[in-house]
Amino acid sequence: MAISTAMCTSFKSELMSALHDFDNPGGNTFKIALYTSSATLGASTTAYSSSDEVANGNGYTTGGNTLTSVSPTTSGTTAYVDFADTTWSASTITANGALIYNANSSNAAVVTLAFGSDKSSSNGDFVIIFPTANATDAIIRIA
Amino acid sequence: MTNGFGSVGAFEIRTTQERGFTVEEIAEDLLNKLLFISSEAHPAIREQAIAFKDRIRPAIIHYMKQAVRSDRTTLAAQLGKQGHYDMAEIIRRL
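Residues numbered from 1 in each chain as written. Chains lettered and ligands numbered in written order. Predicted model: local features only at pLDDT ≥ 70, side-chain atom pairs only at ≥ 80, totals over all residues. Heavy atoms only, no water.

Colleague: Report on the interface of chain A and chain B, specifying residues and quantitative values.
Modeller: Often the size quoted for an interface is simply the accessible area lost on bringing the parts together. Listed by partner, the interface residues are 32 residues for chain A and 24 residues for chain B. When chain A packs against chain B, the two sides together hide about 2400 Å² of surface, and 56% of this comes from carbon and sulfur. It is D125, I129 and R141 of chain A in chain A that bury the most area against chain B; as a group they hold 23% of the surface buried on that side. The interface formed by chain A and chain B includes one salt bridge. Two residues, K33 of chain B and D85 of chain A, come together in a salt bridge whose shortest N-O distance is 3.0 Å. Secondary structure elements with two or more residues in the side of chain A that touches chain B: strand 1 (6-7), strand 7 (108-129) and strand 8 (140-142) of chain A. With 15 residues, the top contributor of residues to the side of chain A that touches chain B is strand 7 of chain A. For the side of chain A that touches chain B, the per-class residue count stands at 18 nonpolar, eight polar and six charged. Pairing of strand 7 of chain A with strand 3 (residues 12-15) of chain B, which is carried by four bridges, proceeds in the antiparallel orientation. The partner of I128 of chain A across the bridge, within strand 3 of chain B, is I13 of chain B. (Contact = heavy atoms within 4.5 Å. Buried area = accessible area lost by both parts, 1.4 Å probe. Salt bridge = Lys/Arg side-chain N within 4 Å of Asp/Glu carboxyl O. Helix = DSSP H or I, 4+ residues; strand = E, 2+ residues; numbered from the N terminus. Nonpolar A, V, L, I, M, F, W, Y, C, P; charged D, E, K, R; others polar. Pairing = 2+ DSSP bridges.)

Here you go:
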């Protein structure tokens, strides 16, 4: 069981089939789900699954948080997408990784995020801070 | 993380125990979002950007604290209206 940070291979193919629309407003709904260290997530992940997801309750809802996306843009030859930081408030959560997926497209996987170790909140906030939206740092980039 | 033609950027996880984030912690995140200083920036531009960041930090913290206080006033008022005077007082004294 392991979680790695990766752009899902199925997502690359689905981009070419126009299955994902990151425009805001008007695009698809993207969500982020948290997983325990028992999960296996990586480039081969194809869709959201509740297996080994953080349990419902204590500030976490199965399926995860809905992300607010920033419409795709380009800089030089790189296209990128950004999301607003997301918070699970007043939560008690232990998570080892996350999956961003498209809730409007059969829950198709987009990227998997490895936290590197268990991260925990206890009656507190659990926040994922996305990187600066530019061609070298943005969370999802296509060069 | 580079993965063929696509890349996934470096994100951060922040958590708290038995509290929320402080205004100062959130203000720092906001400043980092508002003002990104490239590692390749000219030293003079870098210094100017850092100086600007330091200049606006107190103003951001001041208004964020005001927002928190104002929200607590609303919460305390709502709790008081519902007869929860003890809870309203706890919120007021935070």
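Colleague: Outline the nonpolar core, supporting the account with residue identities and numerical values.
Modeller: Ranked by size, the top nonpolar core spans 38 residues in total, and within it L34, F83, L113, F115, I128 and I140 of chain A carry the most contacts. Secondary-structure elements contributing two or more residues to this core are strand 2 (30-35), strand 5 (78-83), strand 6 (86-102) and strand 7 of chain A. Ignoring sequence-local partners within four residues, the contact set of I128 of chain A consists of I32, L34, D85, T86, W88, A98 and F115 of chain A together with E12 and I13 of chain B. Listed in part, the five residues of the second largest apolar core include V23, L31, I60 and I61 of chain B. (Core = buried A, V, L, I, M, F, W, Y, C linked by side-chain atoms within 4.5 Å. Buried < 20%, exposed > 50% of the residue type's maximum accessible area, 1.4 Å probe, protein only.)

Colleague: So, unusual backbone geometry: which residues are in play, and what are the values?
Modeller: Residue and element names in this part refer to chain A. Going from N24 to P25, the amide bond is cis rather than trans, its omega being 5°. Tracing the sequence through the fold places P25 in the loop between helix 1 (9-16) and strand 2. Residues other than glycine seldom take positive phi values, yet D52 does so here, at roughly 65°. Mapped onto the elements, D52 comes out in the loop between strand 2 and strand 3 (65-66). On the basis of relative accessibility, which here comes to 32%, the residue D52 falls in the partly exposed class. Positive phi, close to 55°, is recorded for N107, a residue that is not glycine. Inspection of the secondary structure assignment puts N107 in the loop between strand 6 and strand 7.

Colleague: Can you tell me about the side chain of N65 of chain A, naming the residues and giving the values?
Modeller: Residue and element names in this part refer to chain A. Looking at the element boundaries, N65 is found in strand 3. Among the polar contacts listed, one links the side chain of N65 to the side chain of W88, at a separation of 3.0 Å. Apart from the residues within four sequence positions on either side, N65 is in contact with F30, K31, I32, T86, T87 and W88. (Polar contact = N/O pair within 3.5 Å; in protein donor to acceptor, adjacent residues only side chain to side chain.)

Colleague: I'd like a description of the pairing of strand 4 (residues 69-75) of chain A, backed by residues and values.
Modeller: All names here are of chain A. The sheet contact formed by strand 4 and strand 5 spans five bridges and is antiparallel. Across the sheet, V70 pairs through a bridge with D82, a residue of strand 5. What sits between the antiparallel neighbours strand 4 and strand 5 is a turn of two residues, in which G76 has the positive phi angle 60°.

Colleague: An account of the pattern of salt bridges is requested, with residue identities and associated values reported.
Modeller: Where charged atoms from two side chains of opposite charge come close, those side chains can pair. Residue and element names in this part refer to chain B. Applying the stated criterion to the full structure yields nine salt bridges over all chains. Measuring nitrogen to oxygen at the nearest pair gives 2.7 Å for the salt bridge that ties E89 to R92. Note that E89 and R92 are positioned in helix 3 (residues 85-93) at a spacing of three residues, about one turn of the helix. Judged by its relative accessible area of 30%, E89 falls in the partly exposed class. For R92, a relative accessible area of 52% corresponds to the exposed category. Via salt bridges that share partners, E12, R14 and D29 belong to a single interconnected network.

Colleague: Provide a residue-level description of the environment of N96 of chain A, including the pertinent values.
Modeller: Residues and elements named next belong to chain A. Mapped onto the fold, N96 is located in strand 6. Among the residues examined, N96 registers a relative accessible area of 15% and is labelled buried. Expressed as a C-alpha distance, the spacing of N96 and T36, which sit 60 residues apart in the sequence, is 5.1 Å. When neighbours within four sequence positions are excluded, N96 is seen to be in contact with I3, Y35, T36, S37, A114, F115, G116, S117 and D118.

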